[in-house]
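Secondary and tertiary structure notes
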Amino acid sequence: MGLQIGIVGLPNVGKSTLFNALTKSKGAQVANYPFCTIDPNVGIVEVPDHRLEELAKVVHPEKVLPAVVEFVDIAGLVKGAASGEGLGNKFLANIRECDAILHVVRVFEDKNIQHVDEVVDPKSDVEVIHTELILADLEGIQKRGHDLTRQARSNDKESMVKLDLVKKIEELLGQGKLVIDMGLTKEELELIKDLHLLTAKPILFAVNVAENQVASVKVDDLKAKLGLAPQAKLIPVSAKVEQELNELDAAEAQVFLDDLGLKESTINAMIREAYALLGLQTYFTAGVKEVRAWTIHNGWTAPKAAGVIHTDFEKGFIRAEICTWSDFVQLGGEAKCRDVGKLRSEGKEYVMKDGDVVHFLFSS
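Quick look at the overall build of the protein chain
The secondary structure content of the protein chain amounts to 14 helices and 12 strands. Taking contacts inside the protein chain between residues at least 6 apart in sequence as the whole, the part at least 24 apart equals 68%.

Quick look at unusual backbone geometry
The backbone of Asn 12 shows a phi angle near 65°, a positive value even though the residue is not glycine. With respect to the helices and strands, Asn 12 occurs in the loop between strand E1 (4-8) and helix H1 (15-22). Asn 12 gets classed as buried once you look at its relative accessible area, which sits at 11%. One non-glycine residue, His 60, lies in positive phi territory at about 50°.

Re the sheet that holds E1
The mixed open sheet is built from 6 strands, whose spatial order is E2-E4-E1-E5-E6-E7. One side of each edge strand has no neighbouring strand; the edge strands of this open sheet are strand E2 (41-46) and strand E7 (233-237). Taking the axes of each pair of neighbouring strands and ignoring which way they run, one obtains an average angle of 25° across the sheet. Across 6 bridges, the pairing between E2 and strand E4 (residues 68-73) is antiparallel. Within E4, the position partnered with Val 42 by the bridge is Val 72. Contacts from helix H4 (residues 122-152) reach E1, strand E5 (100-106) and strand E6 (203-208), with the element oriented near 150° to E5.

Here's the deal with the environment of Leu 245
With respect to the helices, strands and loops of the structure, Leu 245 is situated in helix H8 (residues 239-245). Counting along the chain gives 12 residues from Leu 245 to Leu 257, while the straight-line C-alpha distance between them is 8.5 Å.

So, the confidence of the model for the protein chain
Looking at the protein chain, pLDDT values average 86 and 87% of them are 70 or higher. Taken as a whole, residues 26-38 scores under 50 in pLDDT and shows 39 contacts with residues more than four places along the chain or in a different chain.

What about the pattern of salt bridges?
Counted according to the given criterion, the structure contains 17 salt bridges. Lys 143 is paired through a salt bridge with Glu 139; the nearest N and O atoms lie 3.6 Å apart. Of the two residues, Lys 143 and Glu 139 both sit in helix H4, 4 residues apart, roughly one turn of that helix. Owing to a relative accessible area of 52%, Lys 143 belongs among the exposed residues under this scheme. The residue Arg 338 makes a salt bridge to Glu 321 at a minimum N-O spacing of 3.1 Å. Here the residue Arg 338 occupies a position in helix H14 (residues 334-339), and Glu 321 occupies one in strand E10 (residues 317-324), the gap between them amounting to 17 residues.

Observations regarding the packing of aromatic side chains
Enumeration according to the criterion identifies 4 aromatic pairs in this entry. Residues Tyr 283 and Trp 294 carry aromatic rings whose centres are separated by 6.5 Å and whose planes lie at 20° to one another, so their mutual orientation is stacked. Pair noted here: Tyr 283 is in strand E8 (residues 280-286) and Trp 294 is in strand E9 (residues 290-297), with a separation of 11 residues, a long-range link. Tyr 283 gets classed as buried once you look at its relative accessible area, which sits at 0%. Exposure remark for Trp 294: the relative accessible area of 9% places this residue in the buried category. Seen from their ring centres, Tyr 283 and Phe 360 are 5.8 Å apart, and the 85° between their planes marks the pair as edge-to-face. With Tyr 283 in strand E8 and Phe 360 in strand E12 (residues 356-362), the pair connects residues that are 77 residues apart, well separated along the chain. Note on Phe 360: relative accessible area 7%, which makes it buried.

Some words on helix H9 (residues 250-260)
Along H9, the residues classified as buried are Ala 253, Phe 256, Leu 257 and Leu 260. The buried residues of H9 occupy one face: seen down the axis, they fall within an arc of 100°. With respect to the buried face of H9, the exposed residues turned more than 90 degrees away are Ala 251 and Asp 259. Looking at the packing, one finds that the buried side of H9 touches H8. The backbone nitrogen of Ala 251 has a side-chain oxygen 3.2 Å away, supplied by the residue at the start of H9, namely Asp 249. Phi turns positive, to about 85°, at Gly 261, one or two residues after H9.

What counts as what
- Residues numbered from 1 in each chain as written.
- Predicted model: local features only at pLDDT ≥ 70, side-chain atom pairs only at ≥ 80, totals over all residues.
- Heavy atoms only, no water.
- Helix = DSSP H or I, 4+ residues; strand = E, 2+ residues; numbered from the N terminus.
- Contact = heavy atoms within 4.5 Å.
- Buried < 20%, exposed > 50% of the residue type's maximum accessible area, 1.4 Å probe, protein only.
- Pairing = 2+ DSSP bridges.
- Axes fitted to C-alpha atoms, helices over the stretch in contact; angles between N-to-C directions.
- pLDDT = per-residue confidence, 0-100.
- Salt bridge = Lys/Arg side-chain N within 4 Å of Asp/Glu carboxyl O.
- Phe/Tyr/Trp six-rings, centres within 6.5 Å; stacked < 30°, edge-to-face > 60°.
- Arc of directions from axis to C-beta.
- Polar contact = N/O pair within 3.5 Å; in protein donor to acceptor, adjacent residues only side chain to side chain.

Here it is, written out as structure tokens:
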């Protein structure tokens, strides 16, 4: 679906190291100085999903295709970015093009890795990034407010409604609030969609902790340390651990994870959280040619979901034959699900559920 998550944070917090671990590459330059990443690196990342493997065991397909998410490694922001410090304007433009933000925050201490402010203060770091995003949004929304004021003078009703909303947002931004935390309705968010506000994007915090803390650190403790609200989305990660895992084969990696007290790579949990952050879910098609995970938005109906495969599927939609992935696996395939009444026929109004295994019927 071409959805992107931008990785942001101050310089030297572990963004590029995490990006390399995410993409299982060494594509992003890692250096102990600010602005070592000048152009954003883009990586296609598979969404870990054990259900794909289980489905594949049943049908033995020629290939297995997972869901994917795009991550963009954006160079480190610094205080003053909104006014052009560092390479601020360019970096902020890169973020604006993304659908969500993965905010990497450093809490580990390491005298060999300099901090841009010479001291590790996670709460202050979060405030710096938020301030720069807010300042950038304020500048944009003030410019738009001038245009809307002129349009409202001609009694354009839509402009008048939008102007009132823009003024409300401007006031709250001035109080240091992010648009995502303002409690705006779906209708209000849709009305300002064309403003492409940075602080309206959903945020997942990836908190880069020390290697010996990653298995035991408490999420609530990290939220308090960063000054975040209880509802904030946060994942503890260790860029150092992920970097080391990248150098090991599967058996060695599992031993390493066991030694650390981890069930899996923290990157896997981070990818799944980022996927959910975008309001996405997965349905599956399963046949001898391929078992595939398809990405759709929560709340999509069956015809719209079919359109992800091909627009003809949506246009000519007749019905969808659906069973749950667990029934498919436990019973041994679509035919067995049909025999015991676990395969159901759904029409145009059906709202897809995460984990549905689907066979679409359509007219050409």
